Amino acid sequence: MSSSSTFSPPRHGFQTDDPALGSIAERVLHGERLTFEDGVQLYRSGDILAVGWLANHVRERLHGDLAYFNVNRHINPTNVCVASCRLCAFGRKKGDAGTYTMALEEAFATAASGYTEAVTEFHIVGGLHPDLPFSYFMDLVQGLKQRFPKVHVKAFTMVEVAFFAKRGKMTIPETLQRMKEAGVDSMPGGGAEIFADRVRHIICDHKIDGGEWLETARMAHKLGLRSNATMLYGHVENDEDRVDHLLRLREVQDDTGGFQTFIPLAFHPDHTALDHIPRTTGMLDIRQIAVSRLLLDNFSHIKAYWQMMTPKIAQIALRFGADDIDGTVIEEKIYHDAGATTPQGMRRSDLVRLITEAGRQPFERDTLYRAVTRSEDTFTVAV
Ligand code: V47
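Residues numbered from 1 in each chain as written. Predicted model: local features only at pLDDT ≥ 70, side-chain atom pairs only at ≥ 80, totals over all residues. Heavy atoms only, no water.

Asks: Any chance you could break down the pattern of salt bridges for me, citing the residues and the numbers?
Replies: Under the counting rule described, the total for this entry stands at 25 salt bridges. Notably, a salt bridge pairs Asp297 with Arg33, separated by 2.9 Å at the nearest N-O pair. Linking Asp297 in the loop between α11 (282-295) and β8 (301-302) with Arg33 in the loop between α1 (21-29) and α2 (36-44), this pair joins segments that are 264 residues apart in sequence. Take Asp297: its relative accessible area is 36%, and that puts it in the partly exposed class. Residue Arg33 is classed as partly exposed on the basis of its relative accessible area, which comes to 35%. For Glu105, the salt bridge goes to Arg147, with nearest N and O atoms at 3.5 Å. Highlighted residues: Glu105 in helix α4 (residues 104-112) and Arg147 in helix α5 (residues 134-147), separated in sequence by 42 residues. Several salt bridges converge on common partners, so that one network encompasses Arg44, Glu237, Asp239, Glu240 and Arg242. (Salt bridge = Lys/Arg side-chain N within 4 Å of Asp/Glu carboxyl O. Helix = DSSP H or I, 4+ residues; strand = E, 2+ residues; numbered from the N terminus. Buried < 20%, exposed > 50% of the residue type's maximum accessible area, 1.4 Å probe, protein only.)

This is the structure:
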């Protein structure tokens, strides 16, 4: 960044004192695609307000003032996991202290507990349990659908799908098909971490690699299952690794159009094997949202997950490129095991207040971004 000169492309009131942003701004304002080098430049620009202005411009072009949220509940059926990911404080080895696995009835009771507001989504992810059969997970989904037929089931990451397939001696498409038949409506975006091998070997050596994650997503989309995508940042990755991750997602999205939302996840180091790494700062969190919005030109939504970012940073993110802050969640475990100090859930009314005070218009959505209208504790989805 140059501090002595002021560079102002002549369009739409955009201003910056970083000359490197000039040509990027021109292309963003013309709706043109950004390159790998642009992405690195955006991470390194000293003018965060200009980067945010551009991201906000794109966000408002796509969504105006709307800010999406949903009323959801997380269910983590087990924390027993065969992988020993250094990034994770949630998973435990079988037989270790603090492990749990829900009996099906317990999972159904968990689904029913929480706020009286009717949830529109169950978000289900868990550890890679060495003994639980695939049928346990399918019975879980079927049982939830029987008990809560109106609730969308967003379940199992690409990593879990690959694990189910391997253990059950099925192909990935067979596994996905059976999930669909059991009642899985879409899939969450977890397990993507950072695709670059060098980083993956350090933070999650035992998971499927980046190429396998992307291929599994491709297969899910081809079978009609939409999914989200995430990226874990703020550990041992560099700017190039982040840009590579985003552009590999963009490439799959060009082919399938199956990703709904991108969610950058800030690394929480407490109680992990990487606890020497400091937490991300608000500035990186905000920049990550903005760069994601600018590079992922074929993603409709960028989510500032309030549980992970804190409600205050998520609120600011609604002016730096994000259009979604996720939901009520009710009982978050993965971040709280890793030291998150945010509440484990939030009421609908508090989400609405956060959004309104950010100067945005709250829009309650279902998982597929359709409008939800409510009366008391029931809801209707506009189709
Ligand atoms: O895959 C695990 C991350 C993910 C830590 O799709 C950690 O709507 C930070 O994917 N510090 C699970 N992150 C959560 C997830 C998610 C969350 C909200 C919404 C959606 C969605 C998906 O959490 C994991 C991993 O990337 N994670 N441990 C940690 N110590």
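Asks: Before we move on, can you summarise the site of the ligand with the specific residues and values?
Replies: The local shell around the ligand holds 23 residues, among which Leu87, Lys154, Gly191, Glu193 and His268 are the closest. In the model, an oxygen atom of the ligand is placed 2.8 Å from a nitrogen or oxygen of the Gly189 main chain. With respect to the ligand, the backbone of His268 contributes an N or O atom lying 2.8 Å from a nitrogen atom. Starting from 610 Å² of accessible surface for the ligand in isolation, the protein chains cover 95%. Those elements that provide at least two residues to the shell around the ligand are β6 (226-233), β7 (259-266) and α14 (334-337). (Near = heavy atom within 4 Å. Polar contact = N/O pair within 3.5 Å; in protein donor to acceptor, adjacent residues only side chain to side chain. Areas by Shrake-Rupley, 256 points an atom, 1.4 Å probe, with all protein chains shown as cover.)

Asks: An account of the domain arrangement of the protein chain is needed here, citing residue identities and associated values.
Replies: Put simply, an interface is often sized by how much accessible area is lost when its parts join up. Assigned domains of the protein chain: these are domain 1 (1-63) and domain 2 (66-381). Here domain 1 and domain 2 have C-alpha centroids that lie 30 Å from each other. Taken residue by residue, the interface counts 23 residues in domain 1 and 34 residues in domain 2. Between domain 1 and domain 2, roughly 2,400 Å² of surface is buried when both sides are summed, and carbon and sulfur atoms account for 59% of that area. Its largest share of buried area at the contact with domain 2, domain 1 owes to Tyr43, Arg59 and His63, together 34% of the area lost on that side. Linking domain 1 with domain 2 are 6 salt bridges. The residue Asp254 makes a salt bridge to Arg33 at a minimum N-O spacing of 2.8 Å. Inspection of the region where domain 1 meets domain 2 yields 17 residue pairs in polar contact (both at pLDDT 80 or more). Of all elements in the fold, only α2 and α3 (48-63) reach the threshold of two or more residues within the side of domain 1 that touches domain 2. When residues in the side of domain 1 that touches domain 2 are grouped by element, the largest group, 12 residues, is from α3. Looking at the side of domain 1 that touches domain 2, its residues break down into 13 nonpolar, 6 polar and 4 charged. (Domains from an automatic or database assignment. Contact = heavy atoms within 4.5 Å. Buried area = accessible area lost by both parts, 1.4 Å probe. Nonpolar A, V, L, I, M, F, W, Y, C, P; charged D, E, K, R; others polar.)

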